[in-house]
Structures are given as structure tokens and as C-alpha cells.
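Coordinates in review
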Amino acid sequence: MKAVVITQHGGVEGLSIREVPDPDYGPDDLLVRVRASALNRADILQRRGQYPPPGPPAPFEIPGLEFAGEAEAVGNHVTEFRAGDRVMGLTAAGAHAEKLGVPSRMAVRIPDSLDWFQSASLPEVFITAHDALITQCGLTGGESVLIHAVGSGVGAAATQIARSAGAGLIMGTAGSELKLARARELGLDVGINYQSTDFSDIVAEVTHSSGVDVILDVIGAKYLEKNINSLAKKGRLIIVGLLGGAVAQINLATLLSRRLCIRGTALRARPLEEKVAATRAFEKSLMPLIASGRIRPIVDRVYPLSEIREAHRYMESNANFGKIVLEVS
């Protein structure tokens, strides 16, 4: 099969398309003929050598965290899927290839209303955002939320999830007015351009200094102090990315006096059972809304697998709104 292989860590020149052996699959697995996959920040970091996949070293380093395709074969123990079923889901690595072996419990059936590209854009960002906002932070109707990088895949997903959960106020940051305008179409109430405005000042102004209940952050250290100052009493901050650094100082007195909660999360390195639980929660809560069109997959651009280097360059430009998708086969 053809696959994207990281031949050396560093720039995009380390990405190549190569012929590699078909993957193995076990009695509890599916062998998926991948039709589309999507690009994530983790793939950029893996290419740079900063985010290796969990588990023992593989003979070929193939990136890719999510897939959409057909079940080409099913393991002997699998009863919920048959060969030919359209499926999508998460994987720790290897989705940027024509075939992929995955545990059947990590697969989600694709509704007829979605094409391959839309389906491939869903798993990583929607499972991440749903797990962060709903499962871990317990966002409920009437609460307020601040979503950083609202134009990213996770940000666009989180905006729609917050709206479907009945959030009373949805605020978000982005680096351009165009991204903020598009996010408003998804349910954003207050857009903050971080290029020209301090988000903590806007949060204080809009909430009359009471703060927001939940913050979803992909920046990390750079925003930590201002995030804490922007939380309401009993507010929850969940960090899902570290684009702004990993080391910061914190005033613990603020946490104590306002009874704040700070959590960190990452899907890739979690045990299989936790990933399965997050996948099933996404399937139960969001897939009916996605199938009906109430929640939309946001595909910014589609690249053929042969243009993987161009896709990486485009992601690194931060120009995309929503997901960058790869047409695999």
C-alpha cells in the first residue's frame, strides 16, 4: 500500500510517499480501506520529532490520527461491522495510508449524509472537544464558555458543541476578523481578535468582571495567567494544546479563593478503554446532530495524499478555518 512516511524529523522534506507492507489486524479489529484522513497539529509535531506516537517503534513511521473509509475485512470476533461498512474513527498513528488496522470498538458508522472528506474531518476534533467541554468540564445549559483558536478544527467543533449544549454565552479568540465572522455562523456570540485586543479585557467587560464558567485552551503557558483571571468562581480551565509553551508560573491563591479547576487532557496517549469511552460518548451525543445537519463538519481544504508537504505548509501558515483533509484513495 501507499503511505506517508516520515523519513527524517524536521521540515516537510522529511515526508515521503512510499510503498509499505499492508498492516496487520487481529480478531477484534477492522482492516479499513482508507478513503480520507485529516491533518492535525500532532502530525506537524510528529514530523518535527516532538510528538512520537505511543507504543513500541513501528517499522515505518506513518502519521495520521483519524480516518474515514470502508471496512475491507473484519476480525473473527467482530460482530457489529461487516465488510463494506463505511466507518470513521481515531487511531494513535498510521491513518495517512491506504489501509489501516484498528480495534473495531474505535470505529463509528458513517451516516449516509456525509461524504468521505466530511467524515474524516470529524473524529479527532469533535471527540476532543466533546470530551473536554462536556465529559471533563461538565458544561451545562446557561453557562458561559471561552474557546481559544476558535477558527481551528477543535475550536470550530467546540463552538458547535457549546451551542448544542445550550451555553448561554460563547466567546472565542482568533487571529483574523474573517475567522471570527465564520465562527459567528457556527454560534459564536463574542469574537475577540487577539492580534489587536487582550482577550481578558473583553471577557471582563462582557461579563461585568464575573468571568466565564469554562475555558478551552490550546495555547498553554502564554495564556495561563489571563485564563485564570478570566474564570468565574468555580470556573474550569481545560488545556488541550501547548502552542504557547508548556512552562508558566501560577498564583495558587487565586485558585483557592475562587475554587477554580485546571485540567490537562490529551487523547493520543490514553489507554484504549478511555479512548473507546470518549468515542462512544461522541457517537451517542453528537452523531445524531451531525447526521441531521444541526452540527456541521467544517472542511477548509482537501489535498491529495501526494501533496502532503503542501498540506503541512498550509497548516503551518495558520490560514485554515476548520479541517485540512487528505484524499487517500
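Just above, that's the structure.
Residues numbered from 1 in each chain as written. Predicted model: local features only at pLDDT ≥ 70, side-chain atom pairs only at ≥ 80, totals over all residues. Heavy atoms only, no water.

What follows is about the overall build of the protein chain. Within the protein chain, the regular secondary structure consists of eleven helices and 15 strands. In terms of principal-axis extent, the alpha carbons of the protein chain reach across some 60 × 40 × 35 Å. Counting over 329 residues, the protein chain shows a buried share of 53%. Of all intrachain contacts in the protein chain linking residues separated by at least 6 positions in sequence, the fraction that spans at least 24 positions is 70%. Per element, the accessible surface of the protein chain, about 14,200 Å² overall, is 50% carbon and sulfur. (Helix = DSSP H or I, 4+ residues; strand = E, 2+ residues; numbered from the N terminus. Buried < 20%, exposed > 50% of the residue type's maximum accessible area, 1.4 Å probe, protein only. Contact = heavy atoms within 4.5 Å. Areas by Shrake-Rupley, 256 points an atom, 1.4 Å probe, with all protein chains shown as cover.)

Before going further, it helps to spend a moment on the nonpolar core. Nonpolar side chains in soluble globular proteins generally cluster together in the buried interior. Ranked by size, the top nonpolar core spans 69 residues in total, and within it Phe-126, Val-145 and Phe-282 carry the most contacts. In this structure Phe-282 touches Met-88, Val-108, Phe-126, Ile-127, His-130, Met-287 and Ile-290, once residues within four positions along its chain are discounted. Counting residues in each nonpolar core, the second largest holds 25 residues, with Val-4, Ile-6, Val-78 and Leu-305 among its members. (Core = buried A, V, L, I, M, F, W, Y, C linked by side-chain atoms within 4.5 Å.)

This paragraph deals with the sheet that holds strand β9 (residues 169-174). Here we have six strands laid out as an open sheet, ordered β10-β9-β8-β11-β12-β13, and parallel in their pairing. Here the strands that pair on one side only, and so sit at the sheet edges, are β10 (190-193) and β13 (261-264). Averaged over all adjacent pairs, the angle separating strand axes in this sheet is 15 degrees, with direction ignored. Looking at chain direction, strand β12 (residues 231-239) and β13 are connected through four bridges and run parallel. What sits directly across from Leu-237, in β13, is Ile-262. Helix-sheet contacts for helix α3 (residues 123-136) involve β8 (144-147), β11 (212-217), β12 and β13, and the interaxial angle to β11 is about 155 degrees. Lying on the sheet, helix α6 (residues 199-206) is in contact with β8, β9, β10 and β11; it crosses β9 at an angle near 160 degrees. (Pairing = 2+ DSSP bridges. Axes fitted to C-alpha atoms, helices over the stretch in contact; angles between N-to-C directions.)

On to α3. In terms of residue burial, α3 counts as a mostly covered element, since twelve of its 14 residues are buried. The complete set of buried residues in α3 reads Pro-123, Glu-124, Val-125, Phe-126, Ile-127, Thr-128, Ala-129, His-130, Asp-131, Ala-132, Leu-133 and Gln-136. Where α3 terminates, the next one or two residues include Gly-138, which has phi positive at roughly 60 degrees.

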